[in-house]
Amino acid sequence: MELPDFMSYANKFSASDFVDKISRIAKRAGAKLVYVALILYYTLQSDKVSKADKAIIIGALGYMISPLDVMPDAIPIVGLTDDLAVLLFVLKKVWGDVDPEIKEKAKNRLSKWFDEEEISEIDELKF
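Quick look at the structure, then. What you see is a predicted model; the values in this text were computed from it and never measured. (Residues numbered from 1 in each chain as written. Predicted model: local features only at pLDDT ≥ 70, side-chain atom pairs only at ≥ 80, totals over all residues. Heavy atoms only, no water.)

### Let's talk about the pattern of salt bridges
Any two side chains of opposite charge can pair, given that their charged atoms come close.
And step 1. Taken as a whole and judged by the stated rule, the model has four salt bridges.
And step 2. Between Lys27 and Glu118 there is a salt bridge, and its shortest N-O distance comes to 2.9 Å. Taken together, the positions of Lys27 in helix H1 (residues 15-29) and Glu118 in helix H6 (residues 116-119) put the pair 91 residues apart, joining distant regions of the chain.
And step 3. Ionic pairing is found between Lys32 and Glu124, a salt bridge with its closest N-O pair at 2.7 Å. With Lys32 in helix H2 (residues 31-44) and Glu124 in the segment after H6, this pair connects stretches of sequence that are 92 residues apart. (Salt bridge = Lys/Arg side-chain N within 4 Å of Asp/Glu carboxyl O. Helix = DSSP H or I, 4+ residues; strand = E, 2+ residues; numbered from the N terminus.)

### Regarding the environment of Arg109
And step 1. Within the fold, Arg109 resides in helix H5 (residues 100-110).
And step 2. The exposure class assigned to Arg109 is partly exposed, which follows from its relative accessible area of 29%.
And step 3. Separated by 75 residues in sequence, Arg109 and Val34 have C-alpha atoms that sit 9.4 Å apart.
And step 4. Leave out the neighbours within four places in its chain, and Arg109 touches Leu38 and Tyr42. (Buried < 20%, exposed > 50% of the residue type's maximum accessible area, 1.4 Å probe, protein only. Contact = heavy atoms within 4.5 Å.)

### Section: the packing of aromatic side chains
And step 1. Counting across every chain of the model gives three aromatic pairs.
And step 2. Measuring from centroid to centroid gives 4.8 Å for Tyr9 and Tyr63, while their planes differ by 85°, and the two rings are edge-to-face. Linking Tyr9 in the segment before H1 with Tyr63 in helix H3 (residues 51-65), this pair joins segments that are 54 residues apart in sequence. As far as burial versus exposure is concerned, Tyr9 and Tyr63 are alike and both buried. (Phe/Tyr/Trp six-rings, centres within 6.5 Å; stacked < 30°, edge-to-face > 60°.)

### Structural notes on the environment of Val34
And step 1. Considering the arrangement of structural elements, one finds Val34 in helix H2.
And step 2. For the pair Val34 and Ile22, spaced 12 residues apart in sequence, the C-alpha to C-alpha distance is 6.8 Å.
And step 3. With residues up to four places along the chain from it excluded, the contact list for Val34 reads Ile22, Ala26, Ala29, Leu110, Trp113 and Phe114.

### A word on H5
And step 1. All buried positions along H5 are accounted for by Ile102, Ala106 and Leu110. Around the axis of H5, the buried residues are gathered within 85° of arc, so they sit on the same side. With respect to the buried face of H5, the exposed residues turned more than 90 degrees away are Pro100 and Glu101.
And step 2. Looking at the buried side of H5, the elements it contacts are H2 and H6. (Arc of directions from axis to C-beta.)

### A word on a negative patch on the surface
And step 1. Together, Asp115, Glu116, Glu117 and Glu121 line one region of the surface with negative charge.
And step 2. Among the secondary structure elements, Asp115 is positioned in the loop between H5 and H6.
And step 3. Of the residues examined, Asp115 reaches a relative accessible area of 44% and is grouped as partly exposed. (Patch = residues over 30% accessible without salt bridge, like charges linked within 9 Å, V, L, I, M, F, W, Y side chains within 5 Å. Areas by Shrake-Rupley, 256 points an atom, 1.4 Å probe, with all protein chains shown as cover. Lys, Arg positive; Asp, Glu negative; His and termini not counted. Charge placed at Lys NZ, Arg CZ, Asp CG, Glu CD.)

### Looking at helix H4 (residues 81-94)
And step 1. Taking 1.5 Å of rise per residue, 14 residues should cover 20 Å, and H4 covers 20 Å from first to last C-alpha, within 8% of that figure.
And step 2. Taken residue by residue, H4 has Asp82, Asp83, Val86, Leu87, Val90, Leu91 and Val94 as its buried positions.
And step 3. Buried residues belonging to H4 abut H2 and H3. (Expected span 1.5 Å × (residues − 1).)

Now the structure itself:
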């Protein structure tokens, strides 16, 4: 799958829209997508991350928030696949800047929407 120009979605990002979208789609999106999105969101708040990396994180999160993307989120099963691909692509680029505390904070936040079995799915993610 070819990634879209997610940087054109940077103007779609806002913290409140991110929190609203994650809250609405969490169960449907699954623990992996939510975990990756939360890591990027918390990494964005770090002052250890370069402005360039923050810009691509904002683009990726804006893409996730936007209802108008390559595969609309309303399409069952595949609707969030493109969002996950974009988020994973960006996370791999900034992974070296992700503090262990951010990973733990994101994992802890998952318990708001998922049980332990669902949270264990994030262990399958490789970076």
